[in-house]
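Understanding the architecture of this molecule
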Amino acid sequence: MATSTTTVPSAGPVAGSRSFLSRIREGDEIARMITFLFAASVVLITLLLVFELWQGSVLPRHKFGFNFFRTSVWDPIFDQFGALPFIYGTLVTAGVSLLIAVPLGIGAAIFLAELAPARVSDTLEFFIDLLAAVPSVIYGLLGVFIVVPLMRQYIQPGLKHTLGFLPLFQGPAYGVGFLTAGIVLAIMVIPYIISVSREILLSVPRDQREAALSLGSTRWEATWKVVVPFARGGILGSIFLALARALGETMAVTMVIGNTPTISASLFSPGYSIAAVIANEFTEATGDLYLQSLIELGLVLFILTFILNGLARLLIVATSQKGAGMGHT
Amino acid sequence: MKRIAAMFLVVLGLAGIVWSQATLSINGAGATFPYPMYSKWFDEYHKKNPNLQINYQSIGSGGGIKQVTEGTVDFGATDGPMNDEQLKTFQDKHGFGILHFPTVMGAVVPTYNIPGVDAALNFTPEALAGVFLGKVTKWNDPVISGANQGVKLPAEDIVVVHRAESSGTSYVWTDYLSKVSDEWKTKVGKGAAVNWPVGLGGKGNEGVTGTIKNTPNSIGYVELIYAESNKIPYGNVKNSAGAFVKATLAAVSAAAAATAQDMPEDFRVSITNAPGKTAYPISSFTWLLIPEKFSDASKREALKGFLKWSLADGQNYAESLSYAKLPKEVVAREVKAIGKIQ
């Protein structure tokens, strides 16, 4: 993404040697202005979005203030609205999904890019792209009919039996809950991680590998110590793409999370996420305060995404400066 | 080839002119629960009156109230009547009121999954309120087993399942619980979405049913229509006369008939916990919301015509779709009320 912005100034010195009129005639200036408008529209849309969410949530912002983020009662009848359980649920499910998806996704990407024969790699890539295009409601249905019964009958009792001393795996096994939502989300985001990471790994220059191999490292050492660090920026990018998807996912999450605004250390507990509650309650929300509280939840989700994306950028910048030659951002 | 294309365009254009002159289109939006009934009605009525096209979007009761108040649709539809505050908002915005017209009735039934129990269970109001408040936690609690002599209920924890999204079904269910339990009324209240004391949220009737099927020892509630069309077993509920009643269309109509004589002028009435030995206690009307004044006379007359038809011939379509017909007394009063639309 960073590379696209650098092309504009680099055209400067060449363009500067001609007159403005000739540049217009040759189309450079027009192309520049039109593409600038397109680029500016992205910023404009983002600002309008924030503005609308901000405007649309005046009532709860004034009534609850900061308590909106601290309290955990969500009661449309008595007009009490607190966002904490939803924020918690969103972060926990996204976190669980990344814990599962990152090792699996990156492992698969390394195999496809470095170890598998090109034909196998390309064939599998086709299936991975297909997976990425499956609508989330399908994943939700699979979650309800396959993952939830499996979780309730086998996985949750198994975890309780072996790791039940941890507060993470306690309480009744309903099948639905944070863990199930995290697993379904992981299945959904893995294709993103694999697909993007594979491309990044494939674009690592060949001489990097050859240099490592010629120095006597094994194939795995060359992959793990040279190629993967070289592609670190891009791999991190793929993870944050996956995170963004996990944070905003609505349909699949609401079908398996249990839809109960609770904060519990146990991953077996049913929970709720921001996107899910907005989708569930928006259509029938009567009363201005109720509706505006849902809009404020939208604002909260936007801010969460904004913060996490910002952190992601920082992380990429920090890690790319550590090593030399981190070409991909 | 070109000539054919040109002729086709001309014919299409003429057809467009004729069509746009003759067809009046009326837009409505709201409740999802009566949607199968309404779409059947609008379709049948369109067949009889090809010049009138009524479009209906089932966006939910809250959305229906909102849109008709904003004036973006000609009429709304809701499963729970508008409250006084909402009526006032409408009055202030438009300078005239909005009328409620009950169209058909439905019921909400308790459904459950207890391994080893096949019999239809009997539920008392105390049992339902206790379970949904989280106070009755075991299936073999005396408050449940007392009404089910001879059924062996397990000493297992009850898993409560409710609707995750706002819905008219939840409105009817919580309206009933508010009437039979003071604690429910003060702690939780009635509404399309409430702060549920316990339980898991399933999305839609199918989400609730799916969760119950997957979870042993669970209980939830679904619309009667949904239970019937999907062959889901459901329990009987004790009504205010002390009889355990199975939800049937006749029992729902009985609930409406029992409350017909005390029906307020504006038809905003809840028929949950209705009196009468045969009345099913968790029944409800669903309403069309029609503004009192229409500036467009053709729309007004068309809607009045449709309302009259829906109260007469239209009622005959109800039972085949598992909705209960309106009692005669209510129909007679509604026909009179149509005159209020100006």
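Residues numbered from 1 in each chain as written. Chains lettered and ligands numbered in written order. Predicted model: local features only at pLDDT ≥ 70, side-chain atom pairs only at ≥ 80, totals over all residues.

This part is about the overall build of chain A. From N to C terminus, chain A includes 16 helices and two strands. Dimensions of chain A, computed from C-alpha atoms along their principal axes, come out at roughly 70 × 55 × 35 Å. A total of 329 residues make up chain A; the buried ones form 39% of that total. (Helix = DSSP H or I, 4+ residues; strand = E, 2+ residues; numbered from the N terminus. Buried ≥ 20, exposed ≤ 12 C-beta atoms within 10 Å, placed from the backbone.)

Looking only at helices and strands, chain B features 13 helices and 11 strands. Taken over C-alpha atoms, the radius of gyration comes to 23 Å for chain B, in line with the 20 Å a tight globule of 342 residues would show. C-alpha atoms of chain B, sized along the principal axes, occupy 80 × 55 × 35 Å. Burial analysis of chain B (342 residues in total) assigns 49% to the buried set. By sequence separation, contacts in chain B at least 24 residues apart represent 72% of the contacts at least 6 residues apart. (Rg over C-alpha atoms; globule rule 2.2 N^0.38 Å. Contact = placed C-beta atoms within 7 Å.)

Three or four residues apart is the spacing at which side chains of an α-helix point the same way, because the helix has 3.6 residues per turn. For helix α7 (residues 84-115) of chain A, spanning 32 residues, the distance from its first C-alpha to its last is 45 Å, which sits close to the expected 46 Å at 1.5 Å a residue. Considering bend angle alone, the principal kink of α7 of chain A is centred on Ala101 of chain A and spans about 30 degrees; proline Pro103 of chain A follows within four residues of it. (Expected span 1.5 Å × (residues − 1). Bend = angle between axes of the 7 residues up to and from the residue.)

Moving on to the interface of chain B and chain A. Contact with chain B, which involves 28 residues of that partner, is made by 26 residues of chain A. With four residues, helix α3 (residues 61-70) of chain B is the largest single contributor of residues to the side of chain B that touches chain A. A class-by-class count of the residues in the side of chain B that touches chain A yields nine nonpolar, 16 polar and three charged. (Nonpolar A, V, L, I, M, F, W, Y, C, P; charged D, E, K, R; others polar.)

What follows is about the pairing of strand β3 (residues 75-78) of chain B. Residues and elements named next belong to chain B. Side chains Phe75 and Ala77 of β3 all project onto a buried face; the interleaved residues Gly76 and Thr78 project onto the opposite face, where all are buried too. Sheet topology note: the strand β1 (residues 24-30)/β3 ladder contains three bridges and is parallel. Residue Ala29 lies in a different strand from β3, and its bridge partner there is Gly76. Relative to strand β11 (residues 283-291), β3 runs antiparallel, the two being bridged by three bridges. Across the sheet, residue Ala77 finds its bridge partner in β11, namely Leu288. (Pairing = 2+ DSSP bridges.)

All right, on to the nonpolar core then. Residues and elements named next belong to chain A. Ranked by internal contacts, the top residues of the largest apolar core, which has 171 residues, are Ile193 and Val256. Looking at this core element by element, the count peaks at 17 residues for helix α10 (residues 178-202). Apart from residues lying up to four places away in sequence, Val256 is in contact with Gly140, Gly143, Val144, Val147, Val148, Val176, Thr180, Ala181 and Val184. (Core = buried A, V, L, I, M, F, W, Y, C linked by C-beta atoms within 7 Å.)

Before going further, it helps to examine the environment of Ala227 of chain B. All names here are of chain B. Inspection of the secondary structure puts Ala227 in helix α10 (residues 224-229). When the C-alpha positions of Ala227 and Asn51 are compared, they lie 37 Å apart, and in sequence the two are 176 residues distant. If we skip the residues at most four places from it in the chain, Ala227 touches Val109, Thr111, Val222, Ile232 and Tyr234.

Another point: the domain arrangement of chain A. Segmenting chain A into domains produces domain 1 (12-55) and domain 2 (67-325). Just the C-alpha atoms count here: the centres of domain 1 of chain A and domain 2 of chain A sit 35 Å apart. (Domains from an automatic or database assignment.)

Moving on, we come to the packing of helix α8 (residues 118-132) of chain A against α10 of chain A. Residues and elements named next belong to chain A. One way to put it is that α8 packs onto α10 with a least axis distance of 9 Å and a crossing angle of 135 degrees. Here α8 is positioned oblique relative to α10, judged by the angle of their axes. Seen from above, α8 lies across α10 with left-handed handedness. Within the contact between the two elements, α8 uses Glu125, Ile128, Asp129, Leu131 and Ala132 and α10 uses Pro191, Tyr192, Ile194, Ser195 and Arg198. Class assignment for the residues of the contact of α8 with α10 results in six nonpolar, one polar and three charged. (Axes fitted to C-alpha atoms, helices over the stretch in contact; angles between N-to-C directions. Parallel < 35°, antiparallel > 145°, perpendicular 65-115°, else oblique. Left-handed = near helix turned anticlockwise from the far one by under 90°.)

A few words now on the environment of Ala120 of chain B. Residues and elements named next belong to chain B. Considering the arrangement of structural elements, one finds Ala120 in the loop between β4 (98-113) and β5 (122-123). Since 15 C-beta atoms lie within 10 Å of it, Ala120 is described here as partly exposed. Note: C-alpha distance between Ala120 and Pro233 (113 residues apart in sequence) is 7.3 Å. Apart from the residues within four sequence positions on either side, Ala120 is in contact with Pro233, Gly235 and Asn236.

This paragraph deals with the packing of helix α12 (residues 297-311) of chain B against helix α13 (residues 328-338) of chain B. A packed helix pair is summarised by two numbers, namely the angle formed by the two axes and the spacing between the axes. Residues and elements named next belong to chain B. Axis separation between α12 and α13 bottoms out at 10 Å; the angle between their running directions is 175 degrees. Classified by the angle between their axes, α12 and α13 sit roughly antiparallel to one another. Listed contacts from α13 to Lys304, Leu307, Lys308 and Leu311 of α12 are Val331, Glu334, Val335 and Ile338. Class assignment of the residues belonging to the contact of α12 with α13 gives a composition of five nonpolar, no polar and three charged.

What follows deals with helix α13 (residues 232-248) of chain A. For α13 of chain A, built from 17 residues, the straight-helix expectation of 24 Å at 1.5 Å per residue is met to within 8% by its first-to-last C-alpha distance of 25 Å. Every buried residue of α13 of chain A is listed here: Gly233, Gly234, Ile235, Leu236, Gly237, Ser238, Ile239, Ala242, Leu243, Ala246 and Leu247 of chain A.

The next point concerns the sheet that holds β5 of chain B. Strands in a sheet are paired, the pairing made by backbone hydrogen bonds, and the direction either parallel or antiparallel. As summarised here, the arrangement of the three strands in space is β5-β9-β10 (chain B), forming an open sheet in which the pairing is mixed. Two strands bound the open sheet, and with one partner strand each, they are β5 and β10 (244-245) of chain B.

Residues at a pLDDT of 70 or more form 94% of chain B, whose mean pLDDT is 89. Across the assembled chains, the prediction reports ipTM 0.75 with pTM 0.81. (pLDDT = per-residue confidence, 0-100.)

As a further point, take the pairing of strand β8 (residues 218-223) of chain B. Residues and elements named next belong to chain B. Burial within β8 is extensive, with six of its six residues counted as buried. Examined bridge by bridge, β4 and β8 share six bridges and lie antiparallel to one another. Residue pairing for β8: Val108 is matched across the bridge by Glu223. Where strand β6 (residues 159-163) lies against β8, two bridges are found, and the strand directions are parallel.

The next thing to look at is the sheet that holds β8 of chain B. All names here are of chain B. In space, the eight strands of this open sheet follow the order β2-β1-β3-β11-β4-β8-β6-β7, with mixed pairing throughout. Both edges of this open sheet fall to β2 (52-57) and β7 (200-202), since each of them pairs with a single strand only. The sheet shows a mean angle of 25 degrees between the axes of neighbouring strands, taken without regard to direction. For β6 and β7, the ladder comprises three bridges, and the chain directions are parallel. Bridge pairing in β7 places His162 opposite Gly201. Against the sheet, helix α9 (residues 204-214) makes contact with β4, β6, β7 and β8, and its axis sits at roughly 155 degrees relative to β8, the strand it touches most.

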